[in-house]
Amino acid sequence: MSPEKLIYMANQIATFFESKPHAEGVLGTAAHINDFWEPRMRRQLLALIDEGRPGLRPLVLDAANEIRRPAAV
């Protein structure tokens, strides 16, 4: 999937959870990604975060530590 599409999708999730208290938003964003994104999508998103790719909402970045990192392939 294109990096732009992953960023768009992650930001949509974060936008929904931004109406919650911050800690709840972080956990909600991570939980949604963990529950509904396949491992290669999570792997690619985390790689984008690790490289410092711009465009991700702060809540996505704050949730990164709670997103399950799939095993390397």
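See above for the structure.
The structure presented is a predicted model; accordingly, all values stated were derived computationally and were not measured.

Basis of the calculations
- Residues numbered from 1 in each chain as written.
- Predicted model: local features only at pLDDT ≥ 70, side-chain atom pairs only at ≥ 80, totals over all residues.
- Heavy atoms only, no water.
- Axes fitted to C-alpha atoms, helices over the stretch in contact; angles between N-to-C directions.
- Helix = DSSP H or I, 4+ residues; strand = E, 2+ residues; numbered from the N terminus.
- Left-handed = near helix turned anticlockwise from the far one by under 90°.
- Contact = heavy atoms within 4.5 Å.
- Nonpolar A, V, L, I, M, F, W, Y, C, P; charged D, E, K, R; others polar.
- Core = buried A, V, L, I, M, F, W, Y, C linked by side-chain atoms within 4.5 Å.
- Buried < 20%, exposed > 50% of the residue type's maximum accessible area, 1.4 Å probe, protein only.
- Phe/Tyr/Trp six-rings, centres within 6.5 Å; stacked < 30°, edge-to-face > 60°.
- Salt bridge = Lys/Arg side-chain N within 4 Å of Asp/Glu carboxyl O.

Draft legend 1. Focus on the packing of helix 1 (residues 3-17) against helix 2 (residues 22-36). Two numbers describe how helix 1 lies on helix 2: the axes approach to 9 Å, and their chain directions differ by 140°. As helix 1 runs across helix 2, the sense of the crossing is right-handed. Residues Ile-13, Ala-14 and Phe-17 of helix 1 touch helix 2, and the partners they reach there are Gly-25, Gly-28, Thr-29, His-32 and Ile-33. In the contact of helix 1 with helix 2, the residues fall into four nonpolar, four polar and no charged.

Draft legend 2. Region of the structure containing the nonpolar core. Ranked by size, the top nonpolar core spans 22 residues in total, and within it Trp-37, Leu-45, Ile-49 and Leu-56 carry the most contacts. Residue assignment for this core shows that the elements contributing at least two residues are helix 1, helix 2, helix 3 (39-50) and helix 4 (58-63). The dominant element in this core, judged by the number of residues it contributes, is helix 1, at seven residues. With residues up to four places along the chain from it excluded, the contact list for Leu-45 reads Leu-6, Ala-10, Ile-33, Trp-37, Leu-56 and Ile-67.

Draft legend 3. Quick look at the packing of aromatic side chains. Going through the model one piece at a time under the given rule, you end up with one aromatic pair. Relative to Phe-17, the ring of Phe-16 has its centre 4.9 Å away and its plane inclined at 90°; by these criteria the two rings are edge-to-face. What makes Phe-17 buried here is its relative accessible area of 16%.

Draft legend 4. Spotlight on the pattern of salt bridges. Following the criterion strictly, the structure yields five salt bridges and no others. Two residues, Arg-57 and Glu-18, come together in a salt bridge whose shortest N-O distance is 2.7 Å. Remark: Glu-18 occurs in the loop between helix 1 and helix 2 and Arg-57 occurs in the loop between helix 3 and helix 4; sequence separation between them is 39 residues. Of the residues examined, Glu-18 reaches a relative accessible area of 35% and is grouped as partly exposed. Salt-bridge contacts for Asp-50 lead to Arg-69; the nearest nitrogen and oxygen are separated by 3.1 Å. Taken together, the residues Asp-50 in helix 3 and Arg-69 in the segment after helix 4 connect sequence positions 19 residues apart. Under the relative-accessibility criterion, Arg-69 is labelled exposed at 53%.

Coordinates in, geometry out; function isn't part of it.
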